[in-house]
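Here are the chains, one letter per residue:
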Amino acid sequence: MADTIKVEVFKGEGGQGAYQVFDVPRMESQTVLDVVTHIQRNLDASLAYRFACRVGMCGSCAMMVNGSPRWTCRTHVGDVVEDGCLKIAPLRNLPHIRDLAADLVPFFDKMQKAGGRFVAGKEVPQQMLNIDPQSPARVAVDAGIECIGCAVCYAACDVVAWTPDYVGPAALNRAWTLVNDERVADTGWHLQQVALDGGCTSCHSQGACSVHCPKSLNPSQSITGLKRAVAAAFIKGEL
Amino acid sequence: MKNKDLKLYMTQRLSAIFMVPFILLHLGVIIYASRNGVSATEILGRTKGSIGWMLFYGLFVVAASIHGTIGIRNIVSEMFAWRGLKLEIAMVLVVVLLVAVGLRAVGAVT
């Protein structure tokens, strides 16, 4: 193991800037977040970056590491270092705030645009709904519900880069969990939302979202499910 | 139109389904007809004046032109960031061109 790592860090504001090189001591079991924190605490106190839990629960430390979006807290340097170098940049496909901090507002706005919120019926149910955990619908919900909204899939998606209106994999994955949720009052509304321009039909099933998801979820599969549901609704004249 | 993407998506899928029997028959006839060798004159002898083959390939051309244009529209929109009226005019020109050259070819052999 080398004594130091050469780390290129994007420094700048509002999309303007350049990579600055830092030499960081190499340590055992060192994560990329450790590297960024070392730079901020010891080499450049002005470095802006975002993190919270440090243990892969909050998803706020996601950045581009050697070209791929990753949770930096759960990425060991040894797994990604190339020729003793790391290149760290803010998440792709999002507006740049400063240095390594990207603005996630469009990401969450698109989750709303895709109908990614639970809407119950107006009347209070008289009985608790009995949901079979083994039912296909609930299994589909369980497969997607663990998303914590870190935007790694959004940064990985080429269609988001090419089509600014595309709502992205996380928003559609969330919508798929709601389409399958038996407690949802109006499933048709969710299908209408994901069938709008920039919705599920924009996806090319490239699968970068599923490859990069730090939680090993499969948004690509969720989007395929939405495409099937939307196509069926279209043929029935419901969309 | 708020769900134009969906309409184009469905049109592309339905045109693909529509083309499946055409493709199978087209390939099947080629394999069957050429098993003992076949000349251009013999082919034209069967297709010239045939309303059936004219309809078959005419519909095939129209479906393929629509299907292909939607695909080209996606590529142009994504790769060159063409949007709005410029994109729609360009795609109308593409579909007209594809239908025109396709039907011209059908006219030449039927």
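Residues numbered from 1 in each chain as written. Chains lettered and ligands numbered in written order. Predicted model: local features only at pLDDT ≥ 70, side-chain atom pairs only at ≥ 80, totals over all residues. Heavy atoms only, no water.

A word on unusual backbone geometry
Residues and elements named next belong to chain A.
Argument step 1. Although it is not a glycine, Asp99 sits at a positive phi angle of roughly 50°.
Argument step 2. Relative to the helices and strands, Asp99 resides in the loop between β6 (96-98) and β7 (101-102).
Argument step 3. On the basis of relative accessibility, which here comes to 2%, the residue Asp99 falls in the buried class.
Argument step 4. Of note in this structure, Ser205 is not a glycine but carries a positive phi near 55°.
Argument step 5. The topology assignment puts Ser205 in the loop between α8 (187-194) and α9 (208-212).
Argument step 6. Judged by relative accessible area, Ser205 falls into the partly exposed class, the value being 40%. (Helix = DSSP H or I, 4+ residues; strand = E, 2+ residues; numbered from the N terminus. Buried < 20%, exposed > 50% of the residue type's maximum accessible area, 1.4 Å probe, protein only.)

Overview of the interface of chain B and chain A
Argument step 1. In this complex, chain B contributes 13 residues to the contact, which on the side of chain A involves 17 residues.
Argument step 2. Taken together, the two surfaces of chain B and chain A that pack against each other cover about 1300 Å², and 61% of this comes from carbon and sulfur.
Argument step 3. For chain B, the biggest contributors to the area lost against chain A are Leu6, Tyr9 and Glu78 of chain B; these three give 41% of the whole.
Argument step 4. The tally of links from chain B across to chain A stands at zero salt bridges.
Argument step 5. Across the contact surface, chain B and chain A share six residue pairs in polar contact (both at pLDDT 80 or more).
Argument step 6. Every element with two or more residues in the side of chain B that touches chain A is listed here: α1 (4-33) and α3 (51-80) of chain B. (Contact = heavy atoms within 4.5 Å. Buried area = accessible area lost by both parts, 1.4 Å probe. Salt bridge = Lys/Arg side-chain N within 4 Å of Asp/Glu carboxyl O. Polar contact = N/O pair within 3.5 Å; in protein donor to acceptor, adjacent residues only side chain to side chain.)

Some thoughts on helix α7 (residues 169-179) of chain A
Argument step 1. For α7 of chain A, the tally of buried residues reaches 10 of 11 residues, placing the bulk of the element in the interior.
Argument step 2. Every buried residue belonging to α7 of chain A is among Pro169, Ala170, Ala171, Leu172, Asn173, Ala175, Trp176, Thr177, Leu178 and Val179 of chain A, and all of these are buried.

Some details on the packing of aromatic side chains
Argument step 1. All chains considered together, the criterion is met by 12 aromatic pairs over all chains.
Argument step 2. By the ring-pair criterion, three or more aromatic residues cluster together here, those being Phe18, Phe22, Trp53, Phe56, Tyr57 and Phe60 of chain B.
Argument step 3. Positioned above the aromatic ring of Tyr19 of chain A, the side-chain terminus of Lys87 of chain A is 4.6 Å from the ring centre.
Argument step 4. We note Arg35 of chain B situated over the ring of Tyr32 of chain B; from NZ or CZ to the ring centre the distance is 4.1 Å. (Phe/Tyr/Trp six-rings, centres within 6.5 Å; stacked < 30°, edge-to-face > 60°. Lys NZ or Arg CZ within 6 Å of the ring centre and 35° of its normal.)

Section: the packing of helix α10 (residues 219-235) of chain A against α1 of chain B
Argument step 1. Across the interface, α10 of chain A lies against α1 of chain B with an axial gap of 11 Å and an inter-helix angle of 90°. One way to sum up the angle between α10 of chain A and α1 of chain B is to call them roughly perpendicular. Residues Lys227, Val230, Ala231, Phe234 and Ile235 of chain A of α10 of chain A lie in contact with α1 of chain B, whose contacting residues are Leu6, Lys7, Tyr9 and Met10 of chain B. (Axes fitted to C-alpha atoms, helices over the stretch in contact; angles between N-to-C directions. Parallel < 35°, antiparallel > 145°, perpendicular 65-115°, else oblique.)

Things to note about the nonpolar core
Residue and element names in this part refer to chain A.
Argument step 1. Residues Val7 and Leu86 are the most contacted members of the largest nonpolar core, which totals 65 residues.
Argument step 2. The dominant element in this core, judged by the number of residues it contributes, is α7, at six residues.
Argument step 3. In terms of domain composition, this core takes at least three residues from each of domain 1 (4-102) and domain 2 (105-235).
Argument step 4. In contact with Val7, not counting residues within four places along its chain, are Gln20, Val21, Phe22, Val24, Val35, Ile39, Leu86 and Ile88. (Core = buried A, V, L, I, M, F, W, Y, C linked by side-chain atoms within 4.5 Å. Domains from an automatic or database assignment.)

Some remarks on the pairing of strand β3 (residues 62-65) of chain A
Residue and element names in this part refer to chain A.
Argument step 1. The alternating pattern of β3 places Ala62 and Met64 on one face and Met63 and Val65 on the opposite face, and all of these are buried.
Argument step 2. Summarising the sheet, β3 and strand β4 (residues 68-71) pair through four bridges and their orientation is antiparallel. Bridge pairing in β4 places Met64 opposite Pro69.
Argument step 3. Taking the residues that link successive antiparallel strands as the turn, the β3-β4 hairpin has two residues, and the phi of Asn66 there is positive, at about 50°. (Pairing = 2+ DSSP bridges.)

Here we look at the domain arrangement of chain A
Residue and element names in this part refer to chain A.
Argument step 1. By domain assignment, chain A separates into domain 1 (4-102) and domain 2 (105-235).
Argument step 2. With 14 residues of domain 1 at the interface, the matching set in domain 2 holds 16 residues.
Argument step 3. Close ionic contact of Arg92 with Asp158 constitutes a salt bridge, the shortest N to O distance being 2.7 Å.
Argument step 4. Along the contact surface separating domain 1 from domain 2 lie six residue pairs in polar contact (both at pLDDT 80 or more).
Argument step 5. Contributing elements (two or more residues each) for the side of domain 1 that touches domain 2: β3 and β4.
Argument step 6. If one sorts the elements of the side of domain 1 that touches domain 2 by residue count, β4 sits on top with four residues.
Argument step 7. Class assignment of the residues belonging to the side of domain 1 that touches domain 2 gives a composition of nine nonpolar, three polar and two charged. (Nonpolar A, V, L, I, M, F, W, Y, C, P; charged D, E, K, R; others polar.)

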